[in-house]
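Topology and contacts: notes
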Amino acid sequence: AAEPALDADQPYTGAIGNPVTYNISFSLVFTPPYHTKKAAVWMVRPPSLPGQEVSDYTVTPSPTAEGHDPLYGNSLTYLQFDQPDGAQIITQHYKLVCSELHWNLDPAKVLVVKKYPPTFDRYLRSEQKVVVSDQIQAVARRIAGDSQSPFEKARKVILYVIDSLTYGHDLCSLQASSLHALLNKHGHCSDYHGFSTALLRAVGVPARVAYGLNPVESKKASPSHCKLEVYLAPYGWVNFDVSETDKLLTKLEQDETKSPTDRKAARDETLARLFGGFKDNTWYRMTAGTDYPLVPAPVAANPPLIRTAYIECDGEPLPDPDPSNPANRLFAWHLLIDWGREAGAE
């Protein structure tokens with residue numbers, strides 16, 4: 001039988017519902033080192049996609065240049081500050097309508113693909129942090145066993161990552177490092193999803209890390225959050241939040257107010273929603289993929305990803321801060337955010 005038509009840029013065509021509107025003011029504040037000659041900042045412009053409509057977008061000060069990375073098409077905004085003196089503030093304003101996505105996956109309908117076209121190579125490769133090493137390949141083959149279905153491979157990999165890793169900010173890479181997760185069995189969302197991506201690529205399933213933001217008030221010090229996206233024909237790219245599912249399952253297991261039977265039922269319900277394919281309306285995607293070239297101003301060494309910003313001062317990168325780590329007392333930059341959720345939204 002002929003291989004089905006496969007599109008690495010296949011748009012979402014499933015159910016969309018329960019929209020919430022946000023009027024977002026997103027400010028980045030950073031202070032260049034004393035006597036910096038040039039500060040360079042790359043930020044992401046949020047895209048309009050099925051389930052997230054972005055409008056009325058502005059940036060202050062005006063960007064020096066804008067462009068799309070040639071690998072994944074992520075929209076990057078570049079700002080250059082010559083002889084910057086003191087704190088610098090960059091503010092993005094935009095309106096966002098964010099909705100739930102429901103893939104309603106039927107495992108029996110997921111196609112087995114013998115060979116993906118070359119346009120999928122970028123989602124099967126080994127990267128500087130999403131490393132598909134010999135050790136990763138050996139672990140992945142052991143997990144997948146004799147499974148042929150991409151869905152079954154994804155299900156096994158996700159359950160393995162949930163059972164293997166412990167969530168926490170005290171030992172994380174912030175860079176979607178598959179080797180960090182393999183070695184330490186500990187991390188936060190980027191490690192969970194970088195590890196999952198590498199394992200799936202090792203057994204021939206296209207996968208990627210998608211970074212985005214949670215536009216809600218929460219106890220998190222940073223709004224950035226990533227997810228795993230897996231290409232499952234004919235559904236296209238399907239969203240899986242492995243780290244948040246692990247956190248929820250751990251909470252359910254420790255809930256002594258519920259009987260063992262009720263805890264098991266809650267676990268089964270949680271996993272059924274996960275493997276059915278679901279994205280809530282409190283997360284929107286900023287970038288797809290990792291290890292992409294920075295544009296429009298190239299750098300000597302690309303960062304593995306942009307969570308909220310990438311900043312260089314006289315060619316030296318400022319460290320990516322993790323304000324959620326209680327042991328971290330030094331931060332390169334800060335975020336000031338007003339999500340502006342419209343009243344009456346459910």
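Read on for an overview of the structure. Keep in mind the model is a prediction, meaning the values are calculated, not measured.

As a further point, take the packing of helix H4 (residues 189-202) against helix H5 (residues 242-253). The contact between H4 and H5 brings their axes to 8 Å, and the two run at 115°. Contacts from Cys 189, Tyr 192, His 193 and Ser 196 of H4 reach H5 at Val 242, Ser 243 and Asp 246. Its residues placed into classes, the contact of H4 with H5 shows three nonpolar, three polar and one charged.

In this section: the sheet that holds strand S11 (residues 236-240). The strand order across the open sheet formed by four strands is S11-S10-S9-S13, and the pairing between neighbours is antiparallel. A strand with exactly one partner marks an edge of an open sheet, and here the two such strands are S11 and strand S13 (284-288). If you compare each strand with its neighbour and ignore which way they point, the axes differ by 40° on average. Across seven bridges, the pairing between strand S9 (residues 207-213) and strand S10 (residues 224-232) is antiparallel. Across the sheet, Ala 210 pairs through a bridge with Lys 227, a residue of S10.

Moving on: the pattern of salt bridges. Inspection of the entire model under this criterion finds 14 salt bridges. Across the pair Arg 155 and Glu 152 runs a salt bridge, and its minimum N-O distance is 2.6 Å. Here the residue Arg 155 and the residue Glu 152 both occupy positions in helix H2 (residues 150-164), the gap between them amounting to three residues, near one helical turn. Judged by relative accessible area, Arg 155 falls into the partly exposed class, the value being 28%. For Glu 152, a relative accessible area of 23% gives the class partly exposed. Asp 280 is the partner of Lys 227 in a salt bridge, and the nearest nitrogen-oxygen pair spans 3.7 Å. Taken together, the positions of Lys 227 in strand S10 and Asp 280 in the loop between strand S12 (278-279) and S13 put the pair 53 residues apart, joining distant regions of the chain.

All right, on to the packing of aromatic side chains then. This model, assessed by the stated rule, comprises 16 aromatic pairs. Ring plane angle 75° and centroid distance 5.0 Å describe the contact between Tyr 12 and Trp 103, whose orientation is recorded as edge-to-face. Taken together, the residues span a long stretch of sequence, with Tyr 12 in the segment before strand S1 (15-30) and Trp 103 in the loop between strand S6 (88-102) and helix H1 (134-144) at a distance of 91 residues. Trp 103 carries the same exposure label as Tyr 12, and that label is buried. Each ring, one from Trp 42 and one from Tyr 310, has its centre 5.6 Å from the other, and the planes form 45°; the classification is tilted. With Trp 42 in strand S2 (residues 38-44) and Tyr 310 in strand S14 (residues 310-313), the pair connects residues that are 268 residues apart, well separated along the chain. Residues Trp 42 and Tyr 310 agree in their burial class; the two are buried. Among the aromatic side chains, those forming a connected cluster through ring pairs are Tyr 72, Tyr 116, Phe 120, Tyr 123, Tyr 231, Trp 237 and Tyr 292. Over the ring of Trp 237 we find Arg 208, and its NZ or CZ is 3.9 Å from the ring centre.

Moving on, we get to the environment of Gln 80. Residue placement: Gln 80 occurs in strand S5 (residues 75-82). Contacts of Gln 80, omitting those with residues within four sequence positions, involve Lys 38, Ala 39 and Thr 64. In this structure the side chain of Gln 80 is engaged in a polar contact, spanning 2.8 Å, whose partner is the side chain of Tyr 78.

What counts as what
Residues numbered from 1 in each chain as written. Predicted model: local features only at pLDDT ≥ 70, side-chain atom pairs only at ≥ 80, totals over all residues. Heavy atoms only, no water. Axes fitted to C-alpha atoms, helices over the stretch in contact; angles between N-to-C directions. Helix = DSSP H or I, 4+ residues; strand = E, 2+ residues; numbered from the N terminus. Contact = heavy atoms within 4.5 Å. Nonpolar A, V, L, I, M, F, W, Y, C, P; charged D, E, K, R; others polar. Pairing = 2+ DSSP bridges. Salt bridge = Lys/Arg side-chain N within 4 Å of Asp/Glu carboxyl O. Buried < 20%, exposed > 50% of the residue type's maximum accessible area, 1.4 Å probe, protein only. Phe/Tyr/Trp six-rings, centres within 6.5 Å; stacked < 30°, edge-to-face > 60°. Lys NZ or Arg CZ within 6 Å of the ring centre and 35° of its normal. Polar contact = N/O pair within 3.5 Å; in protein donor to acceptor, adjacent residues only side chain to side chain.

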